[in-house]
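A structural walkthrough
Letter by letter, the chains look like this.
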Amino acid sequence: MALLSKLHPVVLKAGTSKASNILEGYAAFWKIPYQLNILNAEESIIFTSDRATAFQSPSNHSVILTPVGREEAEKAASDAGAGVSSEKRLVRLPVRRGITVSMKANVYEYSGSRIEPVLLSKRIPILSRVHGTNVHLLGIDLVGEYTRLVHDGFEQVPSRRFSLVSKLPFSYQSIPAFIRNRSFRSEKGLSELTEENLGPVECLRAVFLASVVKIAGPVPRIGFWRRGKGYALSVTHDVETSTGLEKGAERLMEVEGRLKIRSTWNIPSDRYPLNAASLTNLAKNGEVGAHDTKHDGRLVFLSVRELTLRLASCRAEIESRADQKIQGFRAPLLQHSLGLAEALSHSGYEYDSSCPSWEILSPTSLRPHGVGTVFPFYMHKILEIPVSLPQDHQLIRVAGQKPSAAVDLLLQLSTWIRGVGGACVLLVHPDYEFAEPGNKREYERLLERFRSDPDCDIMTLGEMTEWWNMRSQARIQIDDGNLSIACQGPMQGAGDLQAQLVTGYGDDGFRVVNVS
């Protein structure tokens, strides 16, 4: 392929280890080839957060500088002989025809006779070249914004009211359901289920790749999902009651079995009597995950040591009952924290799926909340798979939607996730409305849309974890002008990894071709 002769090495160089890890995370997400801190005579693209690196690099290297914080942006403007202003703006960029990613962020707008816009969001300059130099200035702080959205967003702060309730001598579940549902009612949150809340991190990632493609030309990468697939679906269930386990699960499995969809069933180990036959049946028709011990909502108040012991106990009990290895965990109330991720790693779990991409009203913090991405990411050596679609409880019990309206909204949101190539993670409780006999047709309508889409890669959370881990360990390899994918040793399914070439970026987003 002639375009391969035009490839330029990408070098990441940051001023701090934290910034270096975040920049490396962008490149690793796209699976583009890169080097860390290695500058050589070959013409390269340097992506950096360090001003000294940007303005002192050899003239044969093109540089993209993402200053960290306002002070660094002002110093970068001074070094470039330009002015800079900062304002909170809505940034929106196309990623493919008809699909955009967006976020609200502080945008540093550089101005002056030496500033030449290269990448625009409508009329807002996102990337600008300093005239007469090889330096390009990014108007978005890719390091600071990622920290704010993911690292800071991962640490969920309980509200004062929830903290008081959690200290009562009985579980919050002892409060009658109609009282709990009334206190969580919030219909206005539906209007906030937008792309800038569900996936602002996707906007940051698009800025990173678009900047590289604009400056470097063609860039090779590895596709997100199995060859021939454009996005993924995982159907998951949190089983909160014995009724849900014995009756609701059977109704949902009937629909899933007809559509040949295997799902993930998350079970609490000590909340209600567990029937080994029921758990074995769930494992046979999908997989079983852990859902804490008593489902009392107190995980966010425990130390790492206490969490590790509790999570290990839960895992061991569920494994013995289901006769299946337990790979993953989901916390009650979708609670999450850095301490919980660390404890999951210590107690032998391979993935967690406790973070919403965006939640109308978190029962723990009593405010809208999310980590802002619809793709898996790593935290404390644990793969975090966000619940990217709003769960049934939020739409029906919190926002007051009818099941049919909830399905309509879920399908609408999944269309956008499909467009960005993300993971649709659906959470349906067998204890709630979709498991009622009268709503079986609506549940079937929801799943049928995915099953009938040849672009959809349907997998359990455990299967998604195995796939994402394999993709993360693979790398692009270029030998004698040929593009291929190299893996660390033989891996089952590695042949389904798809090498791609991003040939350009424009008004219709990224131009991508598959490389056989």
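Just above, that's the structure.
What comes next is a walk through the structure.

About the thresholds
- Residues numbered from 1 in each chain as written.
- Predicted model: local features only at pLDDT ≥ 70, side-chain atom pairs only at ≥ 80, totals over all residues.
- Heavy atoms only, no water.
- Salt bridge = Lys/Arg side-chain N within 4 Å of Asp/Glu carboxyl O.
- Helix = DSSP H or I, 4+ residues; strand = E, 2+ residues; numbered from the N terminus.
- Buried < 20%, exposed > 50% of the residue type's maximum accessible area, 1.4 Å probe, protein only.
- 1 Å grid on protein atoms, 1.4 Å probe; cavity = no way out; pocket = protein on both sides within 12 Å on 5 of 7 lines; lining within 4 Å.
- Points joined across faces, edges and corners; volume = space filled by probe spheres on them.
- Nonpolar A, V, L, I, M, F, W, Y, C, P; charged D, E, K, R; others polar.
- Pairing = 2+ DSSP bridges.
- Contact = heavy atoms within 4.5 Å.
- Axes fitted to C-alpha atoms, helices over the stretch in contact; angles between N-to-C directions.
- Polar contact = N/O pair within 3.5 Å; in protein donor to acceptor, adjacent residues only side chain to side chain.

Where charged atoms from two side chains of opposite charge approach closely, those side chains can pair. Summed over the entire model, instances satisfying the criterion amount to 28 salt bridges. Where Asp-79 meets Arg-51, a salt bridge forms, and the shortest distance between an N and an O atom there is 2.8 Å. Taken together, the residues Asp-79 in helix H3 (residues 70-80) and Arg-51 in helix H2 (residues 51-56) connect sequence positions 28 residues apart. By relative accessible area, which is 39% here, Asp-79 ends up partly exposed. As a salt-bridge pair, Arg-418 and Asp-455 come within 3.7 Å of each other at their nearest N and O atoms. Linking Arg-418 in helix H14 (residues 403-420) with Asp-455 in the loop between helix H15 (440-451) and strand E19 (456-458), this pair joins segments that are 37 residues apart in sequence. Overlapping salt bridges, with partners in common, bring together Glu-254, Arg-258, Lys-440 and Glu-444 in one network.

Taken as a whole, this structure holds two cavities of 30 Å³ or more when the rule is applied. Taken as a whole, the largest cavity holds about 50 Å³ of empty space. Lining the largest cavity are Leu-334, Pro-356, Trp-358, Glu-359, Ile-360, Val-387, Leu-389, Pro-390, Gln-391 and Gln-394. In the lining of the largest cavity, the residues fall into seven nonpolar, two polar and one charged. Estimated volume of the second largest cavity: approximately 40 Å³. Taken together, Arg-251, Leu-252, Val-255, Phe-434, Ala-435, Glu-436, Pro-437, Lys-440 and Tyr-443 make up the full set of residues lining the second largest cavity. Per-element tally for the lining of the second largest cavity: the top contributor is helix H9 (residues 242-258), with three residues.

Turning our eyes to something else, we now look at the sheet that holds strand E1 (residues 10-13). The seven strands lie next to each other as E2-E1-E3-E4-E9-E8-E7, forming an open sheet whose pairing is mixed. The two strands at the open ends of the sheet, each matched to only one other strand, are strand E2 (35-36) and strand E7 (115-121). In this sheet, strand E9 (residues 135-138) lies alongside strand E4 (residues 62-65) in parallel orientation, the contact comprising three bridges. Bridged to Leu-65 within E9 is Leu-137. Together, E1, E2 and strand E3 (45-48) form the strand contacts of helix H1 (residues 17-30), whose direction differs from that of E1 by roughly 155 degrees.

Glancing now at the side chain of Ser-263. Counting through the fold element by element, Ser-263 comes out in strand E12 (residues 263-267). In this structure Ser-263 comes out as buried when scored by relative accessible area, which is 0%. In terms of polar contacts, Ser-263 uses its side chain to reach the side chain of Glu-256, at 2.8 Å. For Ser-263, the residues in contact, after removing those within four places along its chain, are Val-235, His-237, Glu-256, Asn-285, Gly-286, Glu-287 and Thr-460.

Looking at the secondary structure, you find Glu-195 in helix H7 (residues 195-198). Taking relative accessible area as the criterion, Glu-195 reaches 17% and is therefore assigned buried. Here the alpha-carbon distance between Glu-195 and Arg-92, two residues 103 residues apart in the chain, equals 9.8 Å. When sequence neighbours within four positions are dropped, the list of residues in contact with Glu-195 reads Arg-92, Thr-100, Val-101, Ser-102, Pro-200 and Trp-416. Within the structure, the side chain of Glu-195 is placed 2.9 Å from the side chain of Thr-100, a separation counted as a polar contact.

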